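Reading the structure
Each chain, letter by letter, is given below.
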Amino acid sequence: MDHPFPVIGLTGGIASGKTFVARLLEDRGWSILDADQAARSVVAPGTEGLAALAEAFGVEILGSDGALDRSRLGARVFGNPKDRARLESILHPRIEAYLDQRLKELPEGTCGAILDAALWVERSRAHGFDAFWVVEAPEELRLQRIMNRDGLSAAQAQARLAAQSKPAEKALHADLVIPNDGRDLSQLLDEAEARLLADWRTRRRRTWRMPMPAPFQTHELREVLESLLSRGGHYGEVFVEQRRACGLGMDDGRMEDVLASETFGASLRLMEGESTRFADLIAPSLPELLEAAQLLAAPGTGTPAILPELKILRHPTPSPVEKDPADVPLADKVDLVKRAELLARNHGEAISPGALRQVAVGYGDSTQRVWIASAESTTDVVSGLRPDTTWGSKGGHRDRREQAVPPFMAEGWDATLTEDCRTQGVLRLNVTAGEGQNLQTGYQVLGESKGFELFEEEAVARTVKDAVRLAIQALSAQPAPAGTFPVILASSAGGTMIHEACGHGLEADLALAGMSAFANKLGEKVAAEGVTIIDDGTLPHKRGSAAVDDEGNPAQRVVLIENGVLKQYLQSRKTARRMGVEATGNGRRESYRHLPIPRMRNTFLAPGDESPEAILKDLDRGLLVKHMGGGQVDTVTGNFVFQVTEGYWVEQGEVRYPVKNATLSGCGPEVLKQLTRIGSDLHHFDIGTCGKDGQGVPVSDALPTILCPALVVGGTAVPLPEVL
Ligand SMILES: [Zn+2]
C-alpha cells in the first residue's frame, strides 16, 4: 500500500445500498474502483487471465464468440472445492493487481475507494486498507429493494437474501458501519471523511510498520539458517523474541503486585521428514546461535543447503497501536487501577448500599516483538518420508511426496524473514458482593490487541459496572432448575462453547492424532444447515489477531465449517505438510521456549438471520444464558460442563428470574448438529488465554444468540416434574 492518497475498502450485504454510498463518495470527489468490473476485465477476451482459465479448465468454458461463458465455468467448478480454489487462485491476484494498477493511475490529490471489497475479507486482506467501511440496512428495507429491483416475490427475495454472505461478519472488519436506512448520510460521511483525511497517513504507518530495529542482521540470520541446514533437513527456522510486560494487581485498595519484565530469547528449529530438532537460548549472541545450530545439524547426513538472500516480507497488522504502553508512565497505570477500584465501590454503593465486600483489579500490558527467519525446501525432497495415510477423507490426497524422487537432488530454497509486533492490554475486575452468609462474585474483563488507548473512560466504566452488577444481581438469584431444557446462549455469553467444545477438535494436530470428534471428516456434514465456524486472525484489535503467526505465515480468515460442512482444519507448517495442504497462519507458540502448534485465534460462529428478540420470544420454558464462566471440556469428545455466571429462567418468552449456580453440560459437536436458530447479532468477543500442551496463547471467541434445543442444566433447585 504505497498510494499517495487514502484508499477505502467499501462493502455491504446484497441490497444494503453500498453502490448508493459509493455514489455519495463520488460526489465528494472520490474515485470509485469497481471490483466487479475488475473481475470482468481480467478475463475479457484476449486477456492473459482468460487464457489461464482456459488452460486450467479447458476451452469448454468459452462461448462460441471466444468470451468466457460464466455459466459453463460455474458448472465446471461448482461443487468441487479444489477447482474453486484453483479458480480463485487464478482470478483473485489478477483482480488485485488490476485494481492496484488503476489506483496508481489516479491523479495525485485524489482519494480512492474500492467497491465491493468483500473479496478482501475473504482473502484475509481487509486490514491492509486505510479504512474499511461496511454499509448496512435493515432486512425489511433490503427485501423491499430486492423485490422492487428484480421484480421478485417476498419469498424469492427472502431466499436471495438468505443465500448471501452475512454483512454482520464483514462488519467485524469495519472501522465504520454506515446505517443506510433511508436517513441523510451527509453528516456521518462528513465526519468519517474528515477523520480519515486527518489521520490516514499515521494509520497506514502503524498498519504497515517499517522494519523494527532487530537484535540480529538479516545476513546473520541467513548464516544461522545455513548452519542449521548444513547436514540436511527440509525446513530450518530462527525465532527471535523480545517481550516487555507490565502487570499490576490491587486487592481491596492495596496495591499487591507490581511486575515488570523484559525478556529476550531465540530458538532454532530443524525439521527433517517427520523429525524435529529444537533448541532455545536466553539472550543469545550470534556465536551462541551458530553453535546451537551446528549442534542441531550434527546428527544429519544430508548435503549442505546453499540459501539465497532472505526475502523480507512485510505484512500489515490488524491491530495498529496508538499509545505504546512502554511510553506510559507507571503512575498512569496505577492511576487507572485506582480509578477502576473507586468506580466499582461507588457504583456498588449506588445500586446496593453496603453490598460490596471485595474489589480486586488486575492490569496487564505486553508487547511482543518477533522476527522469524526460515528456509524451506521448495523441492521438498526428504529421504525416508512416507506419505501419511492416517488422515483425510476417503483417499484422493495422493500428492507429489508419494512419487519416488531420488534423494539428494539439488534443492531450491524459499528463505524469508518476517516480523511482527503484538501489543495487548487487559483490565480485570473481580467483585464480591455479600448479604449475610450469601457471597457472590462478578467478573469482567476488558482486553484487546491495543495500546494504552484501550483504557478509554467509557470502556473501563462499562467493564467495572458490569462486574459490580453481576455480583450484586447474583445475591438475589434463585437456584436454577435441573434437567434437560432448551437453552438460549446470548451473544454476550461469548464463544467459550465454540472454542472449547468445537474449536480444539478443529486443530489439525488433534485431528491427525485422532483425538477429535472432527477427525477424518473433511467434506462431511458435521453441523446443522446454517452453521459456519470461522477462525479469523485478521479481525482488527481482537485478542487473537496478529500480522503473522509464529512461523512467519500471515494470519488468515479460516473458514472451518461452512454451512454445516467441514472445510478445513487449523494448520501449522508441520501439520499442513503432513496433510498436504497450505498452512493457515495458525502455528502459534507461547514464547521462544516453545514449539509452534496449531492454535485458534479469534473463533466464532458466524451470524445467521434471526433477531435475538424473536428467538427469546419463542422460548416456552428454558434458560437464557448471558454470561458463562469457567468449565471443563474433553476436547476429544467435545463433552463440556460450563458454569453459568449470568442466567435467567424464561417462561412463555419472558424472563422470570435470575438463576444462580447453574451449569450447562452437553457435547459441542452434537450441539452444532442440533442448532436450529442462529441470531444476526455478533458483537461480543470473550477473551482468554488458551492452554494447550502447557502453552498459553491469547485468544478470543464469539457467537451470535443461538438456541440449543436440549442441554443438561445442572441446578440446585428440585428437578421440575415435567422435564422436557
Ligand atoms: Zn482453548
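Model, not experiment: these values are computed from the prediction.

**Regarding the overall build of the protein**
When you go through the protein residue by residue, the secondary structure sums to 19 helices and 28 strands. The C-alpha radius of gyration of the protein comes to 27 Å, within 12% of the 27 Å expected for a compact globule of 724 residues. Dimensions of the protein, computed from C-alpha atoms along their principal axes, come out at roughly 80 × 70 × 55 Å. Here the protein, with 724 residues, has 46% of them falling under the buried criterion. Nonlocal contacts in the protein, meaning residues at least 24 apart in sequence, comprise 78% of its contacts between residues at least 6 apart.

**Quick notes on the pairing of strand β28 (residues 706–714)**
Here 6 bridges tie strand β14 (residues 483–489) to β28, and the two strands are oriented antiparallel to one another. Pairing of V487 across the sheet is with C708, part of β28. In this structure, strand β24 (residues 662–667) lies alongside β28, joined through 3 bridges in antiparallel fashion. Among the inter-strand pairings, T663 is bridged to a residue of β28, identified as G714. With 2 bridges joining them, strand β25 (residues 677–678) and β28 adopt antiparallel strand pairing. Paired with R677 across the two strands is L707, which belongs to β28.

**Thoughts on the nonpolar core**
Grouped together as the largest cluster of nonpolar side chains are 109 residues, with contacts concentrated most on A117, V487, I488, L489 and V625. Counting residues domain by domain, this core receives three or more from each of domain 1 (7–207) and domain 3 (478–714). What A117 contacts, discounting residues up to four positions off in sequence, is G9, L10, T11, A35, A126 and F132. In terms of nonpolar packing, the next biggest core, distinct from the first, is built from 29 residues, L221, L268, A292 and A293 among them.

**Here we look at the sheet that holds strand β5 (residues 176–179)**
Paired through backbone hydrogen bonds, the strands of a sheet run either parallel or antiparallel to each other. One open sheet accounts for 5 strands, arranged β2-β3-β1-β4-β5; its pairing is parallel. Since the sheet does not close on itself, it has two edges, and those belong to β2 (30–34) and β5, each with one partner. For this sheet the average axis-to-axis angle between neighbouring strands, irrespective of direction, equals 25°. Pairing of strand β1 (residues 7–12) with strand β3 (residues 111–115) involves 4 bridges; the strand directions are parallel. Paired with L10 across the strands is L115, a residue of β3.

**Some words on the sheet that holds strand β27 (residues 695–702)**
Pairing is mixed across the open sheet formed by 6 strands, whose spatial order is β17-β16-β15-β20-β27-β26. Strand pairing shows two members of the sheet lacking a second neighbour, β17 (565–566) and β26 (686–692), which therefore form its edges. Where strand β15 (residues 533–536) and strand β20 (residues 602–605) come together, 3 bridges link them in antiparallel fashion. Across the sheet, residue I533 finds its bridge partner in β20, namely L605. This element, helix α15 (residues 496–503), spans β15, β20, β26 and β27 of the sheet and lies at about 100° to β20.

**What to know about helix α1 (residues 18–27)**
Every buried residue of α1 is listed here: K18, V21, A22 and L25. Along the axis of α1, the buried positions cluster into a sector of 105°, meaning they face one direction only. Tucked inside the fold, the buried residues of α1 contact β1, β2, β3, β4 (131–136) and β5. After α1 finishes, the residue G29 shows a positive phi value of roughly 100°.

**Focus on the domain arrangement of the protein**
Looking at the protein, the domain boundaries give domain 1 (7–207), domain 2 (218–475) and domain 3 (478–714). Computed over C-alpha atoms, the centres of domain 1 and domain 2 are 33 Å apart. Listed as interface residues are 5 residues of domain 1 and, on the opposing side, 5 residues of domain 2. Its residues assigned to classes, the side of domain 1 that touches domain 2 comprises no nonpolar, 3 polar and 2 charged.

**Regarding the environment of D686**
Summarising the element assignment, D686 is placed in strand β26. Of the residues examined, D686 has 22 C-beta atoms within 10 Å and is grouped as buried. For the pair formed by D686 and G12, sequence separation is 674 residues and the distance between their alpha carbons is 25 Å. For D686, the contacting residues outside a window of four places in its chain are G494, G495, T496, S700, D701 and A702.

**Examining the packing of helix α3 (residues 48–57) against helix α5 (residues 81–105)**
In contact at an axis separation of 10 Å, α3 and α5 are set at 175° when each is read in the N-to-C sense. In terms of axis orientation, α3 runs roughly antiparallel to α5. Residues G49, A52, L53 and A56 of α3 pack against R86, I90 and R94 of α5. Among the residues forming the contact of α3 with α5, the class breakdown is 4 nonpolar, 1 polar and 2 charged.

**Side note on helix α14 (residues 457–475)**
Here α14 is 19 residues long and its end C-alpha atoms lie 28 Å apart, about the 27 Å a rise of 1.5 Å per residue gives. All of the buried residues in α14 are T463, V464, K465, D466, A467, V468, L470, A471, I472 and A474. On its buried face, α14 sits against α13 (330–351), β11 (413–435), β12 (438–448), β21 (621–634), β22 (639–651) and β23 (654–660).

**Observations regarding the environment of L356**
Its place among the elements puts L356 in strand β10 (residues 356–377). Taking C-alpha positions, L356 is 53 Å from R160, a pair spaced 196 residues apart along the chain. If sequence neighbours within four positions are ignored, L356 has contacts with R345, G348, V431 and A433.

**Things to note about the environment of A467**
Tracing the backbone shows A467 in helix α14. Looking at A467, the number of C-beta atoms within 10 Å reads 26, which means it is buried. C-alpha of A467 to C-alpha of A508: the two residues are 41 residues apart in sequence and 37 Å apart in space. In contact with A467, other than residues within four places in its own chain, are A344, L429, V431, G442, Y443 and Q444.

The rules we used
Residues numbered from 1 in each chain as written. Predicted model: local features only at pLDDT ≥ 70, side-chain atom pairs only at ≥ 80, totals over all residues. Helix = DSSP H or I, 4+ residues; strand = E, 2+ residues; numbered from the N terminus. Rg over C-alpha atoms; globule rule 2.2 N^0.38 Å. Buried ≥ 20, exposed ≤ 12 C-beta atoms within 10 Å, placed from the backbone. Contact = placed C-beta atoms within 7 Å. Pairing = 2+ DSSP bridges. Core = buried A, V, L, I, M, F, W, Y, C linked by C-beta atoms within 7 Å. Domains from an automatic or database assignment. Axes fitted to C-alpha atoms, helices over the stretch in contact; angles between N-to-C directions. Arc of directions from axis to C-beta. Nonpolar A, V, L, I, M, F, W, Y, C, P; charged D, E, K, R; others polar. Parallel < 35°, antiparallel > 145°, perpendicular 65-115°, else oblique. Expected span 1.5 Å × (residues − 1).

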